[in-house]
Amino acid sequence: MINAEAFHAALSLLGNTPAAWLVVPPGLIIGLFFGSIPGLSISIAMAVFLPATLYMDFLPAILFLTAIFTGGGFGGAIPAIMLNIPGTSSSVATAFDGYPMARRGEHAQALGIGLVASVLGTLVGYLLLLFTVQSISQWVLRLGPTEMLVVAIWGVTLIAVLNDASISKGIAAGILGILISTIGYSDAGQMRGTFGSMYLLDGIPVIPALIGFFAASELFNLVGKRYIVDDSALRVVRFRHILDGMGQAASKPFQLMRGGSMGAVIGAIPGVGASIANLAAYATAKQRSKDPDSFGKGNPSGLIAAESANSSSEGGSMITLLALGLPGGAGTAVLLGAFALHNVTGGPRFIRENTDIVYALIIGNMAQAVLLLIVGVGFIFLAGYIVKLSLKLMIPIVMVLSVVGSYAITGNMVGPITVVATGIIGWLMRRYGFPVAATVVGLLVGGMAEGELVRSMQISGGNLGFIADRPITLALLALLLLSVLPRVIGSMLKRRRATPRHSPRTPS
Amino acid sequence: MATRNLTLKVNHELFGGLLLIGIGAYAYYHGQQYAFGSLARMGPGFLPQVLSMVLCGIGGLLAVTSQLKPSSTVQLQWGQLLIVAASMALFALLLRPAGLFTAAFVGVVISSWADREITWPGRIALALVVAALASLIFIVGLGMNMPLWWG
């Protein structure tokens, strides 16, 4: 299961890369900040800080971004517990029991429980990744062009379909992303869609586009919007209470494990991730509980389920990212952008040839989780002030970071122009209810999908019946249909019912 | 029941659908200059043309089904979008000639116009803090090759 030689190499790699450790605490703090301010999301933080990794090596770069990911996972729980406003879509279920606890005056305990659940959840997710990555990569090696094509389509379709938006809008958003990815040199070396501009020869720069779609579009949306924080009482946090909460969580190892393993498995499915994992784990915990009525009224078990699941889904989503080079959601899409920035292509070959780096990433992330325990306790003391930090202070910061960062990536005005243009497109899409994440994933995997499509068709001589001889392709296609079908049927049944939605945030 | 309402229902779905048809039609028109090829030997125009046709189809579907839903006001707050987008563009343009600190200061002052509650002292203080922060992160921390001040 574990390649012992590579494991040792990974340990010495981590020991010899002090930069990898230096970037982790700032990453955690950035994640905690962005996660805990309602209105900002983890993907905004990861997108605007992605250009900062330009000057880092691959390992520190990824560890920095995953530190933001991990920190943001717990950061989102803070406003969920203190104000009943989930900081990110992955902490919706955290508020169900966390806020009632805070209303009873047990906010410090609730935050302590959330912290321990987040830390252990992250550990469970990465532990699963550590044990499975080798065997999964062996299996993935057998996938040829047709299989990879189906996998790419699967990834885009799932993100498009498993969303708040309607299915047709999701698919349209995904196709738009693939269309944008065709700008520039094609797989076969012809120029397309450059409008005669030499700046577009290399295509739309992916990372500025990512910053535009995730961060700038949200920025345009946030201006003028205000999250009303009605709770003006400044709550006192006592260390004893935090410890008490941490103890409460630690005394329920079975619930932590259940939430954690559910999150990891759900996280590995592209398009699902933390925002579904926390709700699913919460529902399971409630179902299996002896006292389901106490859920939603401040039962610590609900909090444990939600927080352990949303944290462990990070490790799960890394499985898909590393093994297939396919992002499962916004966070991993940014990580895939970082892979591209450092000329690394995820996939079985990467795992086989750089097993030590992959293990170093996993071990580094587990160490990160432990560090979160320390940083997080300190952060809880500040939490009361940070959740009330006004968005208007963060908007200019995000703006400056996205422009300077995109300028650093391209070295000219193409980066900032791309950020503004994709930001406006993304803003319009959000307004009309199109999922932005589907467009980004389409943009990221579009080139790969087109290449595999061309190769599949060359092998088969243009005969579609060719796939009948490829059992793995057929199995994957069946899987694709099976995973999409429930959502399609569900939406058909709902079709006639008018459902006005007023969700303050869309999972992005 | 006898009188059917024939007025066009204006809502998000209709706009989204029309937008998609527009984008798809343009992409299809533009994609025609590249060779379509055949299934076995796909040209560079194959994927763009097929995808833009699908996009048009989905757009049409959305526009048609939008008529089953009630009208809703479509409000776009263009003003705020324009202020923030313009401040971003100006900031980027000033970056080289004026330096990071100056550009960030100007960018923040302009973008804060979108917020009606902020006072002038608050606006200046915010701009100074953000400009200092950005300079610290990118020039001192990351060693980015970029002027800090004018000239």
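Residues numbered from 1 in each chain as written. Chains lettered and ligands numbered in written order. Predicted model: local features only at pLDDT ≥ 70, side-chain atom pairs only at ≥ 80, totals over all residues.

## A closer look at the overall build of chain A
Helix and strand content of chain A: 22 helices and two strands. Scaling as 2.2 N^0.38, a compact globule of 508 residues should have a C-alpha radius of gyration of about 23 Å, and chain A matches this with 22 Å. Expressed as lengths along the three principal axes of its C-alpha atoms, the size of chain A is roughly 70 × 60 × 50 Å. Residues classed as buried in chain A amount to 61% of the 508 residues present. (Helix = DSSP H or I, 4+ residues; strand = E, 2+ residues; numbered from the N terminus. Rg over C-alpha atoms; globule rule 2.2 N^0.38 Å. Buried ≥ 20, exposed ≤ 12 C-beta atoms within 10 Å, placed from the backbone.)

## So, the overall build of chain B
The number of helices and strands found in chain B is five helices and zero strands. Ordered by position in the sequence, the α and β elements of chain B form the string α-α-α-α-α. Pairs at least 24 apart in sequence give 62% of the contacts found in chain B among residues at least 6 apart. (Contact = placed C-beta atoms within 7 Å.)

## Regarding the interface of chain A and chain B
Put simply, an interface is often sized by how much accessible area is lost when its parts join up. On the side of chain B, 52 residues touch chain A, which itself brings 49 residues to the contact. Breaking the side of chain A that touches chain B down by element, the ones donating at least two residues are helix H10 (167-181), helix H11 (206-222), helix H19 (391-410), helix H20 (414-431) and helix H21 (436-460) of chain A. Ranked by residue count, the leading element in the side of chain A that touches chain B is H19 of chain A, at eleven residues. Broken down by class, the residue content of the side of chain A that touches chain B amounts to 33 nonpolar, eleven polar and five charged. (Nonpolar A, V, L, I, M, F, W, Y, C, P; charged D, E, K, R; others polar.)

## Topic: the packing of helix H5 (residues 58-75) of chain A against helix H16 (residues 330-341) of chain A
All names here are of chain A. Closest axis-to-axis distance for the H5/H16 pair is 10 Å, and the angle between their directions is 165°. Comparing their axes, H16 and H5 come out roughly antiparallel. Both H5 and H16 take part in a crossing whose hand is right-handed. On H16, the residues that touch Ala61, Ile62, Leu65 and Phe69 of H5 are Gly331, Val334, Leu335 and Ala338. Here the residues of the contact of H5 with H16 sort into seven nonpolar, one polar and no charged. (Axes fitted to C-alpha atoms, helices over the stretch in contact; angles between N-to-C directions. Parallel < 35°, antiparallel > 145°, perpendicular 65-115°, else oblique. Left-handed = near helix turned anticlockwise from the far one by under 90°.)

## Let's talk about the domain arrangement of chain B
Under the domain assignment, chain B is made up of domain 1 (12-68) and domain 2 (78-141). Distance from the C-alpha centre of domain 1 of chain B to the C-alpha centre of domain 2 of chain B: 39 Å. (Domains from an automatic or database assignment.)

## Thoughts on the confidence of the model for chain B
Caution is warranted with low-pLDDT regions, since their predicted coordinates should not be read in detail. Looking at chain B as a whole, the pLDDT averages 80, with 89% of positions reaching at least 70. ipTM for the predicted complex: 0.86, alongside a pTM of 0.83. (pLDDT = per-residue confidence, 0-100.)

## As for H21 of chain A
All names here are of chain A. Counted at 1.5 Å a residue, the expected span for H21 with its 25 residues is 36 Å, and the 34 Å between its end C-alpha atoms agrees. Of all bends in H21, the biggest is about 50°, found at valine 445. With 19 of its 25 residues buried, H21 lies for the most part within the structure. (Expected span 1.5 Å × (residues − 1). Bend = angle between axes of the 7 residues up to and from the residue.)

## Things to note about the nonpolar core
By size, the foremost hydrophobic cluster in this structure holds 208 residues, and its most contacted members are Leu65 and Leu210 of chain A. In terms of residue count, the dominant contributor to this core is helix H8 (residues 107-140) of chain A (17 residues). Per-domain counts for this core show at least three residues from each of domain 1 (12-68) and domain 2 (78-141) of chain B. (Core = buried A, V, L, I, M, F, W, Y, C linked by C-beta atoms within 7 Å.)

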